[in-house]
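# Architecture at a glance
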Amino acid sequence: MMTSLARFTSIGPRTLLCAAPVLLAGCGSGELAGVESLDQQASAAAAAVSLKPTSDVALTRIWGGGGTPPVHALVDDGTSFAESDSGGTFARSSPGSATASLTLGYSGAPAGGATQVAVNYQAWTIGGGAGTVRVNLYDGDTLIGSGPARALGAAQQNLTDTFSDLEVSSGDRLRTELVFENTAGQGSLVTSIVWMDVTPADGGAPGDGVPVVSDKLVPREGAWWGGYNSARNHGWDWGAAIKDLEGKAGRKFDIVYRYHDWGTTDNGIFPDRFETAQMREGYIVHLSWESRRYSGGTNVTWTEIANGAQDAVIRAAAERARNAPGKFMIAFDHEMDNVDIHAADGPDADYVRAYRRIVDMFREAGATNVVWVWTPMGWSGTRARLPALYPGDGYVDWIGYDPYNFYECNGVGWKDPATTFGSHYQWMHEPAQRAWHGDKPYILSEFSSHEDPANPNRKGEWMRGVVDALKRYPDIKAVQLYNSNVTLRSACKLAVDSSPQSVAGYAEAGRDPYVNQPHE
């Protein structure tokens, strides 16, 4: 195992996705994880290009209150307010309610226009200010989308407004306008634009002949819906385990997850008869291949694998993979940053060497039907290690992570789905992180929530909100529920059937069109 409302508003032919705010102070995917190239995704969903504000149009209209100049200007290079005392915009009201606006232009957009824009920003109040901020998106002088009015408070919020189904001919004409309304007779509303993600138009708008699923198994629209279910109570029949979970979900899954250990017998054999049958039934099969031997409770070290001592195991697996009835996904040592499991496996550089050796040997054997997934925990406590653990864009097709709302089972506060999923996603999308991993589709290899003993409806509401949270993070293209209560350190109620409310909320979320995408 593994440890550890949005609202649509039509604007002409376009659709605006308005997401709810996420408190930065509450960010984090969990304290523990569980146990168990651009061209690669361009045919299905174009990679987002992060743009920064241009300096020539950074300030057009900013009202300082009572005719006074603004307290600060906007930093034009994308520096956040937290890093520079001149990095915010202020709307001061004295006295009474007042509005102010700030317009930003962007440069460096890809050729071919844009089909989607995500505006990422921070906003809060100081000095007793109160009110809202709204984002308007312009194509030149034409308004093409308007976000919701965000209620602001003293706690800094990390916000994203996503504008979809756009027909922007030139990304260089994009403008964002922030409209402030300070309803207090004092103080200021503060915002800092962090970045804007633009999806190029040549990535495949609906109806343009681009396949609905890429050669790397990425859906063009929305996200795959799936999960993992233990076969312990199903006579170790992995097919029956998935059917059981699908019964609770009220639908067939797109993608199914399974863990395999290291070796050439028993659970080291993949794809096995259950997974082969699932491929033939139209499922996307995603396997976590771990450098452990379950029966003996021992690890095969990354150093051994990297130095060639395990080539026979790799070669046998590559041969089986090549003969599989279709494409499938493999993650090598998911949660490789989990020291509870991998502390003695070798240095991070040897993980990279081992990962690359495996991929190279599969390719040499002709197993080009394997799509490769790199899955760290997604926990803030190990993020500093991730650049050194990344095998490189040529070896990674998807990026995964395992976000959980552990709540009191791991001694942390309650986190809604957007907060649970958003912390690691937003960190990975910062320009400094994209510099080392580029642009890839994301998969939540595991996700779930604990129950709240004080509120029997709370987990059901959490499950119901999962898809609305996904719509805020458009690079998440697949999600897999972890349907088990087993964790390394704590007894957590993560299984979906921990309450009838949880089952009902999960089933309702799975009916959303966003997670019901065609396979061909």
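The text that follows walks through the structure, step by step, so that each part is easy to find. (Residues numbered from 1 in each chain as written. Predicted model: local features only at pLDDT ≥ 70, side-chain atom pairs only at ≥ 80, totals over all residues. Heavy atoms only, no water.)

Within the chain, the regular secondary structure consists of 13 helices and 26 strands. Each of the 520 residues in the chain was classed as buried or not, and the buried ones make up 60%. In the form shown here, the chain has an accessible surface area of approximately 18,800 Å², with 51% of it arising from carbon and sulfur atoms. (Helix = DSSP H or I, 4+ residues; strand = E, 2+ residues; numbered from the N terminus. Buried < 20%, exposed > 50% of the residue type's maximum accessible area, 1.4 Å probe, protein only. Areas by Shrake-Rupley, 256 points an atom, 1.4 Å probe, with all protein chains shown as cover.)

Glancing now at the side chain of Asp272. One can find Asp272 in the loop between strand E17 (255–260) and helix H3 (273–280). According to the relative accessible area criterion, Asp272 is buried, its value standing at 15%. For Asp272, the side chain forms a polar contact with the main-chain nitrogen of Phe274, separated by 3.1 Å. Those residues in contact with Asp272 that lie beyond four places of it in its chain are Arg258 and His260. (Polar contact = N/O pair within 3.5 Å; in protein donor to acceptor, adjacent residues only side chain to side chain. Contact = heavy atoms within 4.5 Å.)

Another point: the nonpolar core. Core analysis: the biggest nonpolar cluster contains 73 residues, and Trp289, Phe328, Phe362, Trp374 and Phe421 have the highest contact counts within it. If you look at the next biggest cluster of nonpolar residues, it comprises 19 residues, including Ala114, Val135, Leu137 and Leu174. (Core = buried A, V, L, I, M, F, W, Y, C linked by side-chain atoms within 4.5 Å.)

Right, let's get into the packing of helix H5 (residues 311–322) against helix H7 (residues 348–364). Relative orientation of the contacting elements H5 and H7 amounts to 45 degrees, with a least axis distance of 9 Å. Here H5 lies oblique to H7, going by the angle between them. Crossing hand, H5 versus H7: right-handed. Touching Asp311, Ile314, Arg315, Ala317, Ala318 and Ala321 of H5 are Arg357, Ile358, Met361 and Phe362, all from H7. A class-by-class count of the residues in the contact of H5 with H7 yields seven nonpolar, no polar and three charged. (Axes fitted to C-alpha atoms, helices over the stretch in contact; angles between N-to-C directions. Parallel < 35°, antiparallel > 145°, perpendicular 65-115°, else oblique. Left-handed = near helix turned anticlockwise from the far one by under 90°. Nonpolar A, V, L, I, M, F, W, Y, C, P; charged D, E, K, R; others polar.)

Further remarks concern the state of the cysteines. The final tally for this structure, using the stated rule, is one disulfide. Disulfide pairing is shown between Cys409 and Cys492; the S-S distance is 2.2 Å. Residues Cys409 and Cys492 share a disulfide whose torsion about the S-S bond is about 85 degrees; that sign makes it right-handed. Taken together, the residues Cys409 in the loop between strand E24 (404–405) and helix H9 (417–428) and Cys492 in the loop between strand E26 (476–483) and helix H13 (500–509) connect sequence positions 83 residues apart. A single burial state applies to Cys409 and to Cys492, both of which are buried. (Disulfide = S-S within 2.5 Å.)

Tallying each qualifying case throughout the model produces 29 aromatic pairs. Relative to Tyr442, the ring of Tyr401 lies with its centre 6.4 Å away and its plane at 80 degrees, an arrangement referred to as edge-to-face. Highlighted residues: Tyr401 in strand E23 (residues 398–401) and Tyr442 in strand E25 (residues 442–449), separated in sequence by 41 residues. Residue classification places Tyr442 among the buried residues on the basis of a relative accessible area of 1%. An angle of 85 degrees between the planes, with centres 5.1 Å apart, marks the rings of Tyr407 and Trp414 as edge-to-face. The burial state of Tyr407 is the same as that of Trp414; both residues are buried. An aromatic cluster is defined as three or more aromatic residues linked by ring pairs; in this entry it consists of Trp262, Phe270, Trp289, Trp302, Phe332, Tyr351, Tyr355, Phe362 and Trp372. Here the guanidinium or amino end of Lys252 rests over the ring plane of Tyr283, the centre of that ring lying 4.6 Å away. (Phe/Tyr/Trp six-rings, centres within 6.5 Å; stacked < 30°, edge-to-face > 60°. Lys NZ or Arg CZ within 6 Å of the ring centre and 35° of its normal.)

This brings us to the pattern of salt bridges. The full count for this structure, using the stated rule, is 20 salt bridges. With a shortest N-O distance of 2.4 Å, Glu290 and Arg292 are connected by a salt bridge. Classification of Glu290 as buried rests on a relative accessible area of 2%. A salt bridge links Glu508 to Arg464; the nearest nitrogen and oxygen atoms lie 2.8 Å apart. Linking Glu508 in helix H13 with Arg464 in helix H11 (residues 458–464), this pair joins segments that are 44 residues apart in sequence. We classify Glu508 as partly exposed; its relative accessible area is 38%. Here the residues in one salt-bridge network are Lys243, Glu246 and Glu281, joined through shared partners. (Salt bridge = Lys/Arg side-chain N within 4 Å of Asp/Glu carboxyl O.)

Spanning 12 residues, helix H2 (residues 238–249) covers 17 Å between terminal C-alpha atoms, matching the ideal 16 Å at 1.5 Å per step. In the stretch just after H2, Gly250 is the one whose phi turns positive, near 75 degrees. (Expected span 1.5 Å × (residues − 1).)

This next bit is on H3. For H3, the set of buried residues is Phe274, Glu275, Thr276, Gln278 and Met279. Packing partners of the buried residues in H3 comprise H2, E17, strand E18 (284–289) and strand E21 (328–332). Put simply, Asp272 is the residue that caps the front of H3, since its side-chain oxygen is 3.1 Å from the backbone nitrogen of Phe274. The positive-phi residue at the C-terminal boundary of H3 is Gly282, with phi of around 100 degrees.

Turning to the environment of Val352, a few remarks are in order. Relative to the elements of secondary structure, Val352 occurs in helix H7. Along the sequence, Val352 and Gly392 sit 40 residues apart, while their C-alpha atoms lie 8.6 Å from each other. When residues no more than four places from it in sequence are discounted, the contact partners of Val352 are Ala388, Leu389, Tyr390 and Pro391.

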